[in-house]
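# Topology and contacts: notes
One letter stands for each residue in the lines below.
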Amino acid sequence: MTGVGARLGQINRALGEAKLSFREKIGDRQAHAESAPLVREGLENLESIRYNLKNIYKKGLRECQLRAPVLEANAVFTQSLADYGLVLKDKNSDIGELLTQMSELHRAMAQLNSQLTQDIQEKFSGKIKIFVKGGLRKARYTRARYDKARISHEAAENKVKLLKRSSSGEQKVQKAVEEEAEAKLLFEEVQSDTLTMLNDVQDQSDIELIERVCDNYDAYKEFFARGNELLGKLSPTIEKYRSSAKTLREEFTRQAQHRGEQYFGVPIEDLVKRENRDPATHLPRVIEQLLWQLNTTGVSVEGIFRISANLTHMQELKKLILCEAPINWPAEDPHVLAGLVKSFLRELPEPLMLFSLYNKWVDVVRETDPDNSEEIVPKLQPLIASLPPTNRNMLKHLAVVMYNIAKNSEENKMTSMNLSTCLGPNTLVSETPLSGVQAMEHSQYVPLALRCVIDNVEELFPGALQECFATPPEAKAPPPQHPEGNPVSSQSPQPDSTVTPATPTTPPMTPSTPATDRIEQVQFGFIKRRPMEPSGHTFTTTRERGLNTSASSTTTSSPTTPPTKL
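A brief structural summary. (Residues numbered from 1 in each chain as written. Predicted model: local features only at pLDDT ≥ 70, side-chain atom pairs only at ≥ 80, totals over all residues. Heavy atoms only, no water.)

A separate point is the overall build of the protein chain. Helices and strands together make up the secondary structure of the protein chain, namely 19 helices and 0 strands. In the protein chain, which comprises 566 residues, the proportion classed as buried is 43%. Contacts in the protein chain between residues at least 24 apart in sequence constitute 75% of all its contacts with a sequence separation of at least 6. Just so you have it, the protein chain exposes about 30,900 Å², and 53% of that area is on carbon and sulfur atoms. (Helix = DSSP H or I, 4+ residues; strand = E, 2+ residues; numbered from the N terminus. Buried < 20%, exposed > 50% of the residue type's maximum accessible area, 1.4 Å probe, protein only. Contact = heavy atoms within 4.5 Å. Areas by Shrake-Rupley, 256 points an atom, 1.4 Å probe, with all protein chains shown as cover.)

What follows is the structure in structure tokens.
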């Protein structure tokens, strides 16, 4: 019977504990007042730690999973850059190398990103998960032990109270009191262990979180450090291309501003005003450069103004002139320069020597001996005085160049009459159509009129031979002075033989680079490309046509266009 009684006592205690635990779970009963507030707070903190850490590692792992599609998309994008870079390289474009380097950068950054993802997954989210599944799970077992001890103690207390109210036997009450004392002692031990465990868990979670955040920081630090190292290696190349793009954009802007405008076929005065220069004393900059270069290097070239130039190359130069691109005139074929001057004169809306004075020019040379300077000069002077200042200035400079060329006729085979035959029809034109007989007759007088101006340039334009090309066009500023007033260098300013670009960032050209090569290399910047074209025109570079650009500096025309005589 004793064994049965003991067994019934155990069943009763278990039943009482189960009732208390169930009532707590359904909220019908609060925990015993003797349950330490620190324990309750620690247990609540334990659940908070577990919930938040679990949320962090789950979201971290999810974030790593989401990186996979991004890395795949980056791989596709990187391959697209590489493929297009190869296409551009096949076309000899420097942009192809830029795209290739960018694809390599993206590929390297993708590898770093993959390593970063792995580090986050293993060193951050993975270790937090291990801590939650390991250390915090043990803490939850300790909580279950604490709850069991607390409920056993409360059940023993309730039994003592119940027996005392029911006036049970002294022996039963005494036994219940002893059991309650044992349960209380056990509960106090478990409660102390639980408080220690909760404090340890708090410290461990703090340490774990700090270490994992530091690991996460180190992963990102390594990612950005290696990324910055890659960027640093590529930075000089990018800056080089950035500068080139800036120059190209400025060129494009200039060209867009001048789109619709013309240079050839525009009155001289309008061109000078467009450049904010004095029409009475200045020529258009390009014409000034052309005449200067012809007067410098063209006077000894055989057949100058007679041998035709490469028309395609002239069109290329006209495009560069239109967008104010820098042109290295000394590297150009003198025949091309002469062709540009003839084209400019021929395309003027009104000829240089004016429609209204055509008959007077013809009458003078018809009625006067052109070889008699004393007789013809007084008759030519009123006609020259009747010209607008810009036309008179242009005729003066043109006559000086022709005079200097004619002086070297034994070498260049171009007398003043030969030059007048080539240029006369471009400077003196009848506004009304001439009959066949008149045309034949006037074809002799028109060149003769210009020849008279050339031969008598000193009398018609006093001082012109000394003044016209005394200083180079767009002469540079005087050399800087020392504090004592002496110049830094005794050398005089050298001729500036290139058209001044609109943007100071445009790199200078070397004298050995002809315009055709510059068109392909794009002197405006680092990137090789062809210049912009006016709408409606098809443009091909000299290299694409297979021409020998080195021939452009000789006195013969391009092999593609054989020299012809007028």
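Read on, since the account is not over.
Turning our attention to helix H15 (residues 436-455). For H15, which comprises 20 residues, the first-to-last C-alpha distance of 29 Å matches the rise-based estimate of 28 Å (1.5 Å per residue) to within 8%. The axis of H15 is deflected most strongly, by about 35 degrees, at His 442. Lining the buried residues of H15 we find helix H10 (358-367), helix H11 (373-386), helix H12 (389-407), helix H14 (416-427) and helix H16 (457-460). (Expected span 1.5 Å × (residues − 1). Bend = angle between axes of the 7 residues up to and from the residue.)

Another aspect to go through is the environment of Ala 280. With respect to the helices and strands, the residue Ala 280 is situated in the loop between helix H6 (268-274) and helix H7 (285-298). When the C-alpha positions of Ala 280 and Pro 389 are compared, they lie 4.9 Å apart, and in sequence the two are 109 residues distant. Among residues more than four places away in sequence, those in contact with Ala 280 are Pro 389 and Asn 393.

For the rest of this paragraph, the subject is the packing of H14 against H15. Interaxial distance between H14 and H15 falls to 7 Å at its minimum, and their mutual angle equals 120 degrees. When the axis of H14 is compared with that of H15, the two are oblique. For the element pair H14 and H15, the recorded crossing hand is right-handed. For the pair H14 and H15, the contacting residues are Ser 416, Met 417, Ser 420, Thr 421, Leu 423, Gly 424, Pro 425 and Thr 427 in the first and Val 446, Pro 447, Leu 448, Leu 450, Arg 451, Ile 454 and Asp 455 in the second. Its residues assigned to classes, the contact of H14 with H15 shows 8 nonpolar, 5 polar and 2 charged. (Axes fitted to C-alpha atoms, helices over the stretch in contact; angles between N-to-C directions. Parallel < 35°, antiparallel > 145°, perpendicular 65-115°, else oblique. Left-handed = near helix turned anticlockwise from the far one by under 90°. Nonpolar A, V, L, I, M, F, W, Y, C, P; charged D, E, K, R; others polar.)

Right, let's get into the pattern of salt bridges. Inspection of the entire model under this criterion finds 20 salt bridges. A salt bridge links Arg 277 to Glu 275; the nearest nitrogen and oxygen atoms lie 3.9 Å apart. In this structure, Asp 363 and Arg 366 form a salt bridge, with 2.9 Å as the shortest nitrogen-oxygen distance. Of this pair, Asp 363 and Arg 366 both sit in helix H10, 3 residues apart, roughly one helical turn. By relative accessible area, Asp 363 is classed as partly exposed at 28%. Look at the salt bridges and you will find they share partners, linking Glu 208, Glu 211, Arg 212 and Asp 215 into a network. (Salt bridge = Lys/Arg side-chain N within 4 Å of Asp/Glu carboxyl O.)

The next subject is the nonpolar core. In this structure, Phe 305, Phe 344 and Trp 361 are the most contacted members of the largest nonpolar core, which totals 78 residues. In terms of residue count, the dominant contributor to this core is H12 (10 residues). Among all residues touching Phe 344, those that are not within four sequence positions of it are Tyr 263, Phe 264, Ile 268, Leu 271, Ile 287 and Met 394. (Core = buried A, V, L, I, M, F, W, Y, C linked by side-chain atoms within 4.5 Å.)

It is worth spelling out a positive patch on the surface at this point. Side chains of Lys 58, Lys 129, Lys 133 and Arg 137 sit close together on the surface and give a patch of like positive charge. Here Lys 133 lies in helix H3 (residues 94-133). With a relative accessible area of 40%, Lys 133 lands in the partly exposed category. (Patch = residues over 30% accessible without salt bridge, like charges linked within 9 Å, V, L, I, M, F, W, Y side chains within 5 Å. Lys, Arg positive; Asp, Glu negative; His and termini not counted. Charge placed at Lys NZ, Arg CZ, Asp CG, Glu CD.)

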